[in-house]
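# Summary of structural features
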Amino acid sequence: MINNIQELKERLFTSEIVKNEQELQGCTPEEIAYIESKYGVLPRTYRQILGLLGHSAGKLVSRSEFEFYFDQIIDHNEWRRQSLLESIAEGDKCITLANNAFCICARNGDPWFIIANGQDDCCVYFLHEDCITIKESSKSIMDWIEGFVEDAEYWISRGLR
């Protein structure tokens, strides 16, 4: 179980998801401040994760499969909000995300998001493709990221990543 950012970093290296420091590139404080200026104060745990691996984390995730890194999540947040507003305007039944909801990852356009209200940690939620159903995905951000670590370890152990 990963309990803190140091344990996450160690696990990334020991599992060979990340082979060297160059493969691990975090966001700058200015990039994190940019997100917070638009969506609210991010949970401390997620700020730490962004600071560790916000731009690159070796074999953790495929950029073609997931929108996970800084540039991708910035674009996805803008697209997601616009898409939901357009769907509502067209008469579709869709939920609107709170102003302080921040999508931290997406797969095939379906986002995982958190509520940015300055807490230490928080639940991670998943918005299903129907744009109506929201479910809790993980009890904490660290649990959520650990799922990605476990998936990467599985695929690496089989020589597929």
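What comes next concerns the included structure.

## Some points on the pairing of strand β7 (residues 134–138)
The side chains of a regular strand alternate between the sheet's two faces. Strand direction decides the pairing type here: strand β6 (residues 124–127) and β7, joined by four bridges, are antiparallel. Bridging from a neighbouring strand, Val 124 pairs with Ser 138 of β7.

## Some points on the nonpolar core
Within soluble globular proteins, side chains that are nonpolar tend to cluster in buried spots. Leu 12, Leu 53, Leu 60, Phe 68 and Trp 144 are the most contacted members of the largest nonpolar core, which has 42 residues in total. When residues in this core are grouped by element, the largest group, eight residues, is from helix α5 (residues 141–157). Look past the residues within four positions of Leu 60 in its chain and what remains in contact with it is Leu 12, Ile 17, Leu 53, Phe 68, Tyr 69, Ile 145, Phe 148, Val 149, Ala 152 and Arg 161. If you look at the next biggest cluster of nonpolar residues, it comprises eight residues, including Leu 84, Leu 97, Leu 127 and Cys 131.

## So, the sheet that holds β7
With respect to topology, five strands assemble into an open sheet ordered β3-β4-β5-β6-β7, the strand pairing being antiparallel. Bordering the open sheet on either side are β3 (66–67) and β7, each of which pairs with just one other strand. Here helix α4 (residues 70–89) sits on the sheet and contacts β3, β4 (101–107), β5 (110–115) and β6; the angle it forms with β4, its principal contact strand, is near 105°.

## Things to note about the packing of aromatic side chains
Tallied over the full model, the rule gives 12 aromatic pairs. With centroids separated by 5.0 Å and ring planes inclined at 85°, the aromatic side chains of Phe 68 and Tyr 69 adopt a geometry described as edge-to-face. Arranged with centres 6.0 Å apart and planes meeting at 20°, the rings of Phe 68 and Trp 144 form a pair that is stacked. Pair noted here: Phe 68 is in the loop between β3 and α4 and Trp 144 is in helix α5, with a separation of 76 residues, a long-range link. Pair check on accessibility: Phe 68 and Trp 144 agree, each one buried.

The rules behind the values
- Residues numbered from 1 in each chain as written.
- Predicted model: local features only at pLDDT ≥ 70, side-chain atom pairs only at ≥ 80, totals over all residues.
- Heavy atoms only, no water.
- Pairing = 2+ DSSP bridges.
- Helix = DSSP H or I, 4+ residues; strand = E, 2+ residues; numbered from the N terminus.
- Core = buried A, V, L, I, M, F, W, Y, C linked by side-chain atoms within 4.5 Å.
- Buried < 20%, exposed > 50% of the residue type's maximum accessible area, 1.4 Å probe, protein only.
- Contact = heavy atoms within 4.5 Å.
- Axes fitted to C-alpha atoms, helices over the stretch in contact; angles between N-to-C directions.
- Phe/Tyr/Trp six-rings, centres within 6.5 Å; stacked < 30°, edge-to-face > 60°.

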